[in-house]
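Fold and geometry: a report
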Amino acid sequence: MRSFLKNNKMRNKAIKYISVVLLGASLTACERVIDLDLPDGSGFPYVDAWITDQPRVQTIKLLKATEYMSQTAPEAIGDAQITVTDVTAGKSYPFTFQNGAYNYDATSTPIGVVGHTYKLNINWNGEQFEATDELKRSSIIDSLTSEFKKADGEDKEGYYVKLYAHDPTGGIDFTWIRTYRNGELNYHVGEMLSADGAFGNGDDNLSDGFAFIPPFRDGVTSGEKPYEKGDVVEVLFRSMSKPSYDFMQQVQAQLTNDGLFGKVLTNVPANVVNQQSTSKTKIYGWFGTVAEVSASKKVE
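This report concerns the structure included in the present document. Note that the structure is predicted; figures quoted are calculated from it, not measured.

A word on the overall build of the chain. Scanning the chain for helices and strands turns up three helices and 19 strands. The buried share among the 300 residues of the chain stands at 39%. The contacts in the chain between residues at least 6 apart in sequence include a share of 65% that link residues at least 24 apart. As displayed, the chain offers around 16,200 Å² of accessible surface, 51% of which is attributable to carbon and sulfur atoms.

Put into structure tokens, the structure is as follows:
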């Protein structure tokens, strides 16, 4: 799955060569560049594992991170034993390594069930690693509409799609919103995170049961590259537990962390825990479960 993890790729290891620019505040405004020769860091393992309630092949990736400046893809770790267990139903699903990832064919019977708790178990290098998550219900997509607009300021001429959705009543619902254009992820619009159809951490639950606010409604179209006639637009909702939502918020903050006031990069927490408490071996990344609903519209 192309997730935020894939875009981020956990690239926070030592870099072999970096240029550090020292800006002097003196009258001469001198600048000095120093090249630091740092040793290569050893690649560390991370997991990319999102289990859905959809009837399709479920995939878990266990990879070894590459050097920050490396042009090569992360190396797949193929000597682990991976199992997902439905703790609520008492069923286990063994994943088989093939073509660089661990897979389970759930096309006939989906693994994910709303309300069930799931546990990931990884046996690797003689050590056991576990993570758990609960599969939550999804928010509701009502409709997608499209309207042709002339150029207006920075917004270009084209078709603008709007998303109409609402939050189910009772409880706090966290949603990961992705937009696709003709079957491909639309990188011109951001992936959005919602708590009860609004922004925030969902701690106050003030917007329970209401329609999604306008930033989400308008956020599936980019003014720099609006849609064209004949485009097929799909909006995907992925439900999340509160821990998964918090994780995704931190990932999003790291991916958009730049500019003059950008914060110092930090490691995003993982939920995969080594069951050998005295071991120093870690697996980074996240195991999450999501319920998916989607709606699509052909622009005409």
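A separate point is the pattern of salt bridges. If you walk through the whole model with that rule in mind, you get ten salt bridges. Where Lys136 meets Glu134, a salt bridge forms, and the shortest distance between an N and an O atom there is 3.4 Å. Owing to a relative accessible area of 32%, Lys136 belongs among the partly exposed residues under this scheme. On the basis of relative accessible area, Glu134 is assigned to the partly exposed category, the value being 30%. Taking the shortest distance from any N to any O, the salt bridge between Glu191 and Arg178 comes out at 3.0 Å. A residue pair is termed long-range when its members are at least 10 positions apart, and Glu191 in the loop between strand S14 (184-185) and strand S15 (192-195) and Arg178 in strand S13 (residues 174-181) qualify at 13 residues. Here Glu191 and Arg178 have matching classes, each one buried.

Below, the discussion takes up the pairing of strand S4 (residues 57-64). Moving residue by residue along a regular strand, the side chains alternate between the two faces of the sheet. Sheet topology places strand S3 (residues 45-52) next to S4; five bridges connect them, and they run antiparallel. The residue of S4 that forms the bridge with Ala49 is Ile60. Looking at chain direction, S4 and strand S8 (residues 101-105) are connected through four bridges and run antiparallel. The partner of Val57 across the bridge, within S8, is Asp105.

This brings us to the side chain of Asn121. Assignment of secondary structure puts Asn121 in strand S9 (residues 117-124). Within polar-contact distance, the side chain of Asn121 engages the side chain of Gln128 at 3.0 Å. Look past the residues within four positions of Asn121 in its chain and what remains in contact with it is Gln81, Ile82, Thr83, Gln128, Phe129 and Glu130.

With 25 residues, the main nonpolar core has Val47, Ile60, Phe95, Leu120 and Ile122 as its most contacted residues. Of all elements in the fold, only S3, S4, strand S6 (81-86), strand S7 (91-98), S9 and strand S10 (127-134) reach the threshold of two or more residues within this core. Here the element with the most residues in this core is S9; it accounts for four residues. Ignoring anything within four residues of it in the chain, the contact list for Leu120 reads Val47, Ile60, Ile82, Thr83, Val84, Phe129, Glu130, Ala131 and Phe287.

This part covers the packing of aromatic side chains. The final tally for this structure, using the stated rule, is eleven aromatic pairs. Between Phe148 and Tyr159 the ring centres are 5.2 Å apart and the planes differ by 65°, which places this aromatic pair in the edge-to-face class. Here Phe148, found in strand S11 (residues 140-149), pairs with Tyr159, found in strand S12 (residues 158-166); they are eleven residues apart in sequence, far enough to count as distant. For Tyr159, a relative accessible area of 17% gives the class buried. Arranged with centres 5.8 Å apart and planes meeting at 75°, the rings of Phe212 and Phe216 form a pair that is edge-to-face. Taking the relative accessible area as the measure of exposure, Phe212 reaches 3% and is therefore buried. Pairwise contacts between aromatic rings join Phe199, Phe212, Phe216 and Phe237 into one cluster. The ring centre of Tyr160 lies 5.3 Å from the NZ or CZ of Lys149, which sits over that ring. For Arg238, the ring lying beneath its charged end belongs to Trp176, and the centroid distance is 4.9 Å.

Bringing a negative patch on the surface into the picture now. On the surface, Asp152, Glu154, Asp155 and Glu224 cluster together into a patch of negative charge. Relative to the elements of secondary structure, Glu154 occurs in the loop between S11 and S12. Relative accessible area serves as the criterion here: at 77%, Glu154 is assigned to the exposed category.

So, about unusual backbone geometry. Phi is positive for Asn99, close to 55°, though the residue is something other than glycine. Position of Asn99 among the secondary structure elements: in the loop between S7 and S8. Given a relative accessible area of 77%, Asn99 falls into the exposed group. Although it is not a glycine, Asp196 sits at a positive phi angle of roughly 55°.

The next point concerns the environment of Leu135. Among the structural elements, Leu135 can be located in the loop between S10 and S11. For Leu135, a relative accessible area of 0% corresponds to the buried category. With 84 residues separating them along the chain, Leu135 and Ile51 place their C-alpha atoms 8.8 Å apart. Non-local contacts of Leu135, meaning those with residues more than four positions away in its chain, are made with Asp53, Gly112, Val113, Val114, Gly115, His116, Tyr118, Thr289, Val290 and Ala291.

Conventions adopted
Residues numbered from 1 in each chain as written. Predicted model: local features only at pLDDT ≥ 70, side-chain atom pairs only at ≥ 80, totals over all residues. Heavy atoms only, no water. Helix = DSSP H or I, 4+ residues; strand = E, 2+ residues; numbered from the N terminus. Buried < 20%, exposed > 50% of the residue type's maximum accessible area, 1.4 Å probe, protein only. Contact = heavy atoms within 4.5 Å. Areas by Shrake-Rupley, 256 points an atom, 1.4 Å probe, with all protein chains shown as cover. Salt bridge = Lys/Arg side-chain N within 4 Å of Asp/Glu carboxyl O. Pairing = 2+ DSSP bridges. Polar contact = N/O pair within 3.5 Å; in protein donor to acceptor, adjacent residues only side chain to side chain. Core = buried A, V, L, I, M, F, W, Y, C linked by side-chain atoms within 4.5 Å. Phe/Tyr/Trp six-rings, centres within 6.5 Å; stacked < 30°, edge-to-face > 60°. Lys NZ or Arg CZ within 6 Å of the ring centre and 35° of its normal. Patch = residues over 30% accessible without salt bridge, like charges linked within 9 Å, V, L, I, M, F, W, Y side chains within 5 Å. Lys, Arg positive; Asp, Glu negative; His and termini not counted. Charge placed at Lys NZ, Arg CZ, Asp CG, Glu CD.

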